[in-house]
Amino acid sequence: MEHKKTVLFIESGVHGGGSFTSLKKHILALDLKRIEPIVAFFNQNNYIKEFEDMGIQVFLIKDTVFSVDGGSKQAKLFNKFYMKGLLPFFKIKLLLYLHRKAIQELSDILSQYKVRFIHCNTELFRDRVGILLSMKTGVPIISHIRSKYEPGRIKFDPTYVKLSNQIVSKFIFVSEDTRTFWVNEVGLGEEKSLVLYDYFILPKPSENTALQKDASFSLLCVASLVEVKGHYFLIDSLRDTLLKYSAKLFLVGGGDENYTNELKAYCKDKGLTEKVVFLGFRSDVPSLIASADIIYLLSKREGMPNILIEALGMGATVVGSKVGGIPEIIYDKETGFLVEYGDQEEIGRITKSILENEIDTQQINENARRLVEKKFSLASYKQTIENLYE
């Protein structure tokens, strides 16, 4: 009888956003008779208990760059120089030194649990600890890439890219747009690339209505409270709507404390303190979706957002920005509504048309359900990953 293969999943993220949700879904899709998952996080988060309750071994690793608590200011500054291309020599050796403690701790886990595969879960440069770990130990690695960078924000170190092409067994991308960026702009090997859409299973919302009913209309955005998710654009776009109608905007998600406080201060300055509600991290997102009139995701960049897969699969009315993988799931006026990032007037016009029933969204929502059922199926996902760790 074949023994189980142990796979170490590494998540370097901070705020428990979409990559965490996708990691959980990926593990739930595994054949647990063949694969034994263990998980290493670099930051404390709400998913640790969820995995432990599932009987999965979880480790909290302290890294000098990617851990918020216990990280080094000098290491984070070094990382900024590296990402801007300001370190011309000995880059791999310097990265090995920078992450040496995390690499050693993870190496011990590989040895203790006889790990057969490493599976990194975010994007190539955030997953560098896993890449370096694989280089040092020889344990094969998969890079599951869920996001990309804005053009011009960083310098893609060719030495590290070359190393990744040599070390990584398979690059998995969450959308065609993400794959195109990393292959064409960064130089990852196309022959090792695979697009794998996350899957959707219809959830069961709780019987209790999740959103407050002291407003005629409930508008919802589920996204980590970080700058790239476009919250200022969203709030500015909906300000007139929120003031004109009996409507509230609910923001769901954890995030950077300074950014969150700045957003709250901005809402106060715009006279929207009672109109914009910060709900923080929530585990009842399906119930929130079910009780909302419109779902928004107006990010500056995206991979393939799980929240959109979930909302469209539930037949919700969705408005998204025309970036990243979003147009691969929102077909404008067919499965939802697409807008150019920054076009506040269009957001207001679309919102008004929906709330005043000038647009019949019933067929659009049905189209969305059918698309998600066909394109984001669990059966297809399982079939794709069946031989991933051979």
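Each value, and the rule that gives it
Residues numbered from 1 in each chain as written. Predicted model: local features only at pLDDT ≥ 70, side-chain atom pairs only at ≥ 80, totals over all residues. Heavy atoms only, no water. Pairing = 2+ DSSP bridges. Helix = DSSP H or I, 4+ residues; strand = E, 2+ residues; numbered from the N terminus. Axes fitted to C-alpha atoms, helices over the stretch in contact; angles between N-to-C directions. Salt bridge = Lys/Arg side-chain N within 4 Å of Asp/Glu carboxyl O. Buried < 20%, exposed > 50% of the residue type's maximum accessible area, 1.4 Å probe, protein only. Expected span 1.5 Å × (residues − 1). Arc of directions from axis to C-beta. Contact = heavy atoms within 4.5 Å. Phe/Tyr/Trp six-rings, centres within 6.5 Å; stacked < 30°, edge-to-face > 60°. Parallel < 35°, antiparallel > 145°, perpendicular 65-115°, else oblique. Core = buried A, V, L, I, M, F, W, Y, C linked by side-chain atoms within 4.5 Å. Right-handed = clockwise from strand over helix to strand, strands pointing away. Left-handed = near helix turned anticlockwise from the far one by under 90°. Nonpolar A, V, L, I, M, F, W, Y, C, P; charged D, E, K, R; others polar.

> I tried to follow the sheet that holds strand β8 (residues 217-222) on my own but got confused; where do I start?
Where strands meet in a sheet, backbone hydrogen bonds hold them as pairs that are either parallel or antiparallel. The six strands are arranged β10-β9-β8-β11-β12-β13 in an open sheet whose pairing can be described as parallel. Because the sheet does not close on itself, it has two edges, and the strands there are β10 (276-280) and β13 (337-339). In this sheet, neighbouring strand axes are inclined to one another by 25° on average, regardless of whether the strands run parallel or antiparallel.

> So what exactly am I meant to see when it comes to the pattern of salt bridges here?
Using the criterion set out here, one finds 20 salt bridges in the structure. Its salt-bridge partner being Asp-177, residue Lys-148 comes within 2.6 Å of it at the nearest N-O pair. One end of the pair, Lys-148, is in the loop between β5 (141-145) and α7 (158-167); the other, Asp-177, is in helix α8 (residues 176-186), with 29 residues separating them in the sequence. Of the charged contacts in the structure, one is a salt bridge between Asp-332 and Lys-333, with a shortest N-O distance of 3.0 Å. Under the relative-accessibility criterion, Lys-333 is labelled partly exposed at 49%.

> Help me understand helix α10 (residues 257-269) in this model?
Given 3.6 residues per turn, any residue in an α-helix points the same way as the ones three and four places further on. Here α10 contains 13 residues, and its C-alpha end-to-end distance of 18 Å stays within 8% of the 18 Å for a straight helix at 1.5 Å per residue. Regarding α10, the residues found buried are Tyr-259, Thr-260, Leu-263 and Cys-267. Buried residues of α10, viewed axially, fall in a sector of 100°; they line one side. Opposite its buried face, α10 presents the exposed residues Glu-257, Asn-258, Lys-268 and Asp-269, each directed more than 90 degrees away. Taken together, the buried residues of α10 touch α9 (231-244) and β10. Trailing α10 by a residue or two, Gly-271 shows a phi angle of about 75°, which is positive.

> Would you mind going over the environment of Glu-310 with me for this structure?
As for its position among the elements, Glu-310 is in helix α12 (residues 306-313). Taking the C-alpha atoms as reference, Glu-310 lies 8.5 Å from Val-372; in sequence the two are 62 residues apart.

> Would you mind showing me how to read the packing of aromatic side chains here?
Aromatic ring pairs are reported here in terms of the distance separating the ring centres and the angle at which the planes meet. This model, assessed by the stated rule, comprises 22 aromatic pairs. Each ring, one from Tyr-47 and one from Phe-281, has its centre 6.2 Å from the other, and the planes form 75°; the classification is edge-to-face. Highlighted residues: Tyr-47 in helix α2 (residues 47-53) and Phe-281 in the loop between β10 and α11 (285-290), separated in sequence by 234 residues. Each ring, one from Tyr-232 and one from Tyr-266, has its centre 4.9 Å from the other, and the planes form 80°; the classification is edge-to-face. Highlighted residues: Tyr-232 in helix α9 and Tyr-266 in helix α10, separated in sequence by 34 residues.

> When you look at the sheet that holds strand β6 (residues 168-173) in this model, what are you seeing that I'm missing?
Spatially, seven strands are ordered β3-β2-β1-β4-β5-β6-β7 in an open sheet, and the strand pairing comes out parallel. A single partner strand is all that each edge strand has here, and the edge strands are β3 (57-60) and β7 (193-195). For this sheet, the mean inter-axis angle between neighbouring strands, taken without regard to orientation, is 25°. Here β6 runs beside β7; their pairing, made up of three bridges, is parallel. Paired with Ile-172 across the strands is Leu-194, a residue of β7.

> Could you clarify how one ought to interpret the packing of α12 against helix α14 (residues 362-375) in this entry?
Two packed helices can be described by the angle between their axes and the distance between those axes. The geometry of α12 relative to α14 is characterised by a closest axis approach of 7 Å and an angle of 120° between their N-to-C directions. In terms of their interaxial angle, α12 and α14 are classed as oblique. Residues Ile-309, Leu-312 and Gly-313 of α12 touch α14, and the partners they reach there are Ala-368, Arg-369 and Val-372.

> What am I meant to see in the pairing of β3 here?
In the case of a regular strand, side chains alternate between the two sheet surfaces. As paired elements, strand β2 (residues 35-41) and β3 share four bridges and run parallel to each other. What sits directly across from Ala-40, in β3, is Phe-59.

> Got a minute to help me understand the nonpolar core in this structure?
Buried together is how nonpolar side chains tend to be arranged in soluble globular proteins. Counting residues in hydrophobic clusters, the biggest one holds 62 residues, and the most contacted among them are Leu-220, Leu-249, Ile-289, Val-319 and Ile-329. Apart from the residues lying within four places of it in its own chain, the contact partners of Ile-329 are Met-304, Leu-308, Ile-309, Leu-312, Thr-335, Leu-371, Val-372 and Phe-376. Counting residues in hydrophobic clusters, the runner-up holds 47 residues, among them Phe-42, Ile-145, Trp-182 and Val-183.

> Explain the pairing of strand β12 (residues 318-321) to me, please; I cannot follow it from the model alone.
Every second residue of β12 is oriented toward a common face, with Val-318 and Gly-320 on one face and Val-319 and Ser-321 on the other, all of them buried. Of the strand pairs in this sheet, strand β11 (residues 294-297) and β12 are connected by three bridges, and their pairing is parallel. Considered in β12, the bridge of Leu-297 is made with Gly-320. Following the chain from β11 across α12 to the adjacent parallel β12, one finds a crossover that is right-handed. Relative to β13, β12 is paired through three bridges, and the arrangement is parallel. Paired with Ser-321 across the strands is Val-339, a residue of β13.

> So what exactly am I meant to see when it comes to the environment of Gly-85 here?
Structurally, Gly-85 is set in the loop between α3 (73-83) and α4 (91-98). Since its relative accessible area comes to 45%, Gly-85 is described here as partly exposed. Sequence spacing of Gly-85 and Phe-156 is 71 residues, and the spatial spacing of their C-alpha atoms is 7.5 Å.

> Is there a simple way to explain the packing of helix α6 (residues 128-137) against α7 in this structure?
Between α6 and α7, whose axes approach to 10 Å, the crossing angle comes to 60°. With respect to α7, the element α6 is oriented oblique. Read as a crossing pair, α6 and α7 show a hand that is left-handed. Between α6 and α7, the contacting residues are Arg-128, Ile-131, Leu-132, Ser-134 and Met-135 on the first element and Tyr-160, Leu-163, Ser-164 and Ile-167 on the second. Counted by class, the contact of α6 with α7 contains six nonpolar, two polar and one charged residues.

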